[in-house]
Structure formats: C-alpha cells, structure tokens
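Examination of the molecular architecture
The residues making up each chain are set out below.
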Amino acid sequence: MAAALRRARSGVICRVFPLSCSQQRSLNTGRGLLPRPRPLPLLLLTSGGYLGYQHYRKRGKQEDGAPPALATPTQVALYRSFPTRLLSRAWGRLNGVELPTWLRKPVYSLYIWTFGVNMQEAAVEDLHHYRNLGEFFRRRLKPAVRPLCTSSCLVSPADGKILHFGRVKNSEVEQVKGVTYSLENFLGPQKRRGSDSSSSFKEHLLSSSDNDLFHVVVYLAPGDYHCFHSPTDWRVELRRHFPGSLMSVNPGVARWVKELFCLNERVALTGQWQHGFFSLTAVGATNVGSIRIYFDQELQTNAPRYSKGSFHDRSYVAISDQLFKAAGEGGVVSTDGGGVTLQRGEAVGEFNLGSTIVLLFEAPKDFSFNLQPGQQIRVGEGLGIL
C-alpha cells in the first residue's frame with residue numbers, strides 16, 4: 001500500500017511538473033546537475049586571467065620606475081594558444097556582411113568617433129556608399145591629400161606611427177626601443193653573396209662595403225588609412241609568405257613580446273633599389289588575417305591550417321613580358337623578366353584593419369633619417385635623405 005501511494009504521488013508531480021527522462025534520471029542519481037566542463041573556454045578564462053594579472057604586476061613595476069619586463073616563454077605560449085586566427089577569420093566574415101542602408105551611418109559614425117577617422121580625406125565621404133565594414137576599412141583617399149615628398153629618396157609607405165628606425169646592428173632589428181628580433185628569422189634564408197661563410201647575415205644582404213642596412217617600423221592604428229604604397233622606385237624579385245600567429249602588434253604588446261614580428265604571419269617583398277637590397281614586409285595582427293598584394297592574386301593569408309615555421313615563396317624573376325592588373329585599382333604593374341617594377345607612391349596592397357609595415361633597405365652609410373620616435377606620419381612624407 002505504501003509503495004502504491006508513493007508511485008501515485010510521483011505520477012502527480014510528473015503531470016504537474018513534466019521532466020524529461022534525462023532530468024528524471026538526474027534527480028534519481030544526482031548526476032547531470034552540474035554543466036560539463038568545456039576545455040577551450042576554461043583555457044581562455046584561465047589564460048586571460050593569468051595574463052591580466054601579469055600585466056597588472058608589470059604596470060605596477062613600471063609605475064615604481066622599474067624597466068618593463070619581457071614576456072616569459074610561458075606567457076607567450078599562453079597568448080599564442082588563444083584562437084586569434086579563428087577569431088580573425090570570423091571578423092573577416094563579419095566585415096563582409098552587407099549592412100542595411102539605414103544602419104550604415106550609425107555604425108560607421110561610431111567607428112569614426114572611436115578611432116578619430118578623417119572622412120574629409122576619403123574619396124567618397126558619403127557613409128551610405130560603403131556596403132560593409134570591410135569596404136569602409138579599405139576606403140580610398142582623394143588623390144591630392146597624399147602628395148609625395150620631392151626632397152627625399154624614400155617616402156612613407158603607410159599612414160601610421162613610427163615605432164622605431166635606425167641602423168641594423170649585429171643582425172638584430174629593434175621592433176621598439178630595447179626589444180629586438182633576429183633579422184634572419186624575420187626574412188628567412190637568403191641567397192648568399194660570395195663564399196665567405198664567416199660573414200653575418202646582415203653582411204650577406206649588402207652589395208657594397210660602403211653601404212649599411214637600415215630599417216623603419218610603421219604601425220597602422222585601426223583609424224588609419226589601410227592601404228600601403230611603394231616607398232621608392234624599386235624592383236620586387238620575391239614574395240615570401242610566413243604563416244604564423246596573429247597576436248596584437250599594438251606598441252604596448254611590441255614592447256612586451258620579444259620577436260613578435262617573427263612570430264606573426266607576414267608577407268615579405270624583397271628585391272633591389274638603386275642602392276642595393278630592399279624589402280617591404282606587411283605584418284599581420286589580431287583581426288588582420290587578410291593581407292592583400294594587388295599584383296599577386298595567388299597570395300592567400302590566414303589559412304585554417306599551416307606548418308609551424310614554414311614559409312612559401314613566389315619568385316617574380318622568371319616572369320617576363322607580362323602585365324599584372326591591380327585588382328580594384330585599374331592600374332598595371334609591369335615586369336621585365338627581372339621582377340615586378342614598382343614606382344614611388346604606387347599602391348601595393350592593403351590590410352583589412354590596422355597592422356605594421358617594416359622596411360629594411362641598403363643605403364650609403366651617410367643616409368640619415370628625418371624622423372622622431374612616436375611621430376605620426378602619412379603616405380608620401382619623407383623618411384630620410386642622402
């Protein structure tokens with residue numbers, strides 16, 4: 001009788017508060033009441049908390065006058081474990097979503113206000129013209145707003161902030177003051193000049209002992225113009241694509257992560273100008289997985305999978321008597337069998353958001369920069385003189 005009464009009460013409860021079979025089993029066994037652990041969110045939460053704590057400690061030390069500490073290998077590994085490549089691909093797809101006409105002006109106006117975009121320089125100032133965020137990021141400028149400096153042999157390839165510049169010493173390049181990276185790791189193996197194996201990597205790049213190797217780092221913020229241009233008349237012989245991480249290249253992170261530019265995905269264009277070796281490297285960053293080179297339609301960046309430490313080359317030297325149409329630009333780039341010829345100020349490529357351009361070039365030893373660390377610069381402004 002007692003058992004029948006319990007069953008009847010249970011039936012009433014089930015009719016009033018119906019439960020699924022799994023929920024009933026959970027009530028009977030005590031299992032399933034707690035959510036299943038999710039490894040990825042747990043990793044992101046713990047890693048983010050750890051990095052935030054370390055950043056707080058580092059900030060406190062800086063306030064006390066102590067020099068900034070570099071990230072440890074463990075901290076860099078935790079940072080690189082974040083799915084920044086996946087997030088960047090998702091961001092790229094979001095950028096391509098067409099916005100309703102009524103929503104475009106509020107969205108773009110918020111972006112303009114947040115990052116200080118100067119729309120008076122844009123070729124099209126009407127915000128309704130840009131169908132999606134991607135088109136707005138890659139907006140073109142009016143031709144007259146970026147005149148080329150006539151007194152400098154080298155002009156800025158992009159709008160942005162000068163992070164660092166100077167001579168390359170001991171085959172080490174400074175990404176910001178006091179934080180360096182290996183020139184060989186950044187550019188990868190190069191064709192050796194001569195047979196002297198005792199020479200440094202830097203010396204192998206130089207065509208004359210009367211020259212030296214110089215570098216400039218330009219950081220593009222999210223509000224900057226996102227296309228980059230040729231800084232001089234030169235010939236591109238090789239494109240080298242390094243798949244890699246997509247960590248932030250914000251100056252604060254560049255001061256924290258040693259060899260950041262060697263770890264991130266990048267596209268290096270190398271060749272020759274009037275004084276010898278010349279290279280322009282576009283470095284990717286978080287939400288900047290897409291790097292586009294107008295005359296190279298084969299380039300595909302931020303692929304879902306890649307081999308760590310790998311790179312992919314495409315030589316332009318073997319290509320002769322062809323014309324490459326710059327997609328979306330309406331211009332042409334000519335080749336003469338010795339590479340792709342670029343003229344000073346010519347549009348070369350674009351990012352889908354802000355990132356970094358690194359110039360490495362050979363020049364006479366009396367070359368001097370007319371720059372200041374941290375200064376803002378625009379396309380076409382002079383970098384230095386001979």
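**Considering unusual backbone geometry**
- For N170, which is not a glycine, the phi torsion comes out positive at approximately 55°.
- Its place among the elements puts N170 in the loop between β2 (160–167) and β3 (172–176).
- The phi torsion at S171 lies on the positive side, around 60°, for a residue other than glycine.

**A look at the nonpolar core**
- Among the nonpolar cores identified, the biggest contains 36 residues, and V216, F228, F295, I357 and F361 are the most heavily contacted of them.
- Top contributing element to this core by residue count: strand β16 (residues 356–364), with four residues.
- With 32 residues, the next largest nonpolar core counts V76, Y79, V168 and M247 among its residues.

**What to know about the packing of aromatic side chains**
- What the rule picks out here adds up to 23 aromatic pairs.
- Taking 6.0 Å as the distance between ring centres and 85° as the angle between the ring planes, the aromatic pair formed by W273 and F361 counts as edge-to-face. With W273 in strand β8 (residues 266–273) and F361 in strand β16, this pair connects stretches of sequence that are 88 residues apart. In this structure, W273 and F361 share a single accessibility class: buried.
- Within the aromatic cluster, the residues linked to one another by ring pairs are F165, F214, W234, W273, F278, F361, F367 and F369.
- The ring of F136 carries R139 above its face, with NZ or CZ at 5.0 Å from the centroid.

**What to know about the side chain of Q75**
- Residue placement: Q75 occurs in helix α4 (residues 73–81).
- For Q75, a relative accessible area of 5% gives the class buried.

**Details of helix α6 (residues 101–115)**
- Between its terminal C-alpha atoms α6 stretches 22 Å, which fits the 21 Å expected from 15 residues at 1.5 Å a residue.
- Buried within α6 are the following residues: R104, Y108, Y111 and I112. Each buried residue of α6 lies within a common arc of 100° when the element is viewed along its axis, so the set occupies one face. Facing away from the buried side of α6 by more than 90 degrees, the exposed set consists of W102, L110 and W113.
- Where α6 is buried, its residues meet α7 (133–137).

**Comments concerning the pairing of strand β9 (residues 276–283)**
- Counting buried positions along β9 gives eight out of eight residues, so the element sits mostly inside the fold.
- Sheet topology note: the β8/β9 ladder contains eight bridges and is antiparallel. Paired with R266 across the two strands is V283, which belongs to β9.
- Joining the antiparallel neighbours β8 and β9 is a turn of two residues.
- The pairing of β9 with β16 spans six bridges and is classified as antiparallel.

**Some words on the environment of H229**
- For H229, the location among the structural elements is in strand β6 (residues 227–229).
- Not counting the four nearest positions on each side in its chain, H229 is found in contact with P157, L280, G345, E346, A347, V348 and V379.
- Among the polar contacts made by the side chain of H229, one reaches the side chain of Y225 at a distance of 2.9 Å.
- Side-chain polar atoms of H229 contact the backbone oxygen of G345, separated by 2.9 Å.

What counts as what
Residues numbered from 1 in each chain as written. Predicted model: local features only at pLDDT ≥ 70, side-chain atom pairs only at ≥ 80, totals over all residues. Heavy atoms only, no water. Helix = DSSP H or I, 4+ residues; strand = E, 2+ residues; numbered from the N terminus. Core = buried A, V, L, I, M, F, W, Y, C linked by side-chain atoms within 4.5 Å. Buried < 20%, exposed > 50% of the residue type's maximum accessible area, 1.4 Å probe, protein only. Phe/Tyr/Trp six-rings, centres within 6.5 Å; stacked < 30°, edge-to-face > 60°. Lys NZ or Arg CZ within 6 Å of the ring centre and 35° of its normal. Expected span 1.5 Å × (residues − 1). Arc of directions from axis to C-beta. Contact = heavy atoms within 4.5 Å. Pairing = 2+ DSSP bridges. Polar contact = N/O pair within 3.5 Å; in protein donor to acceptor, adjacent residues only side chain to side chain.

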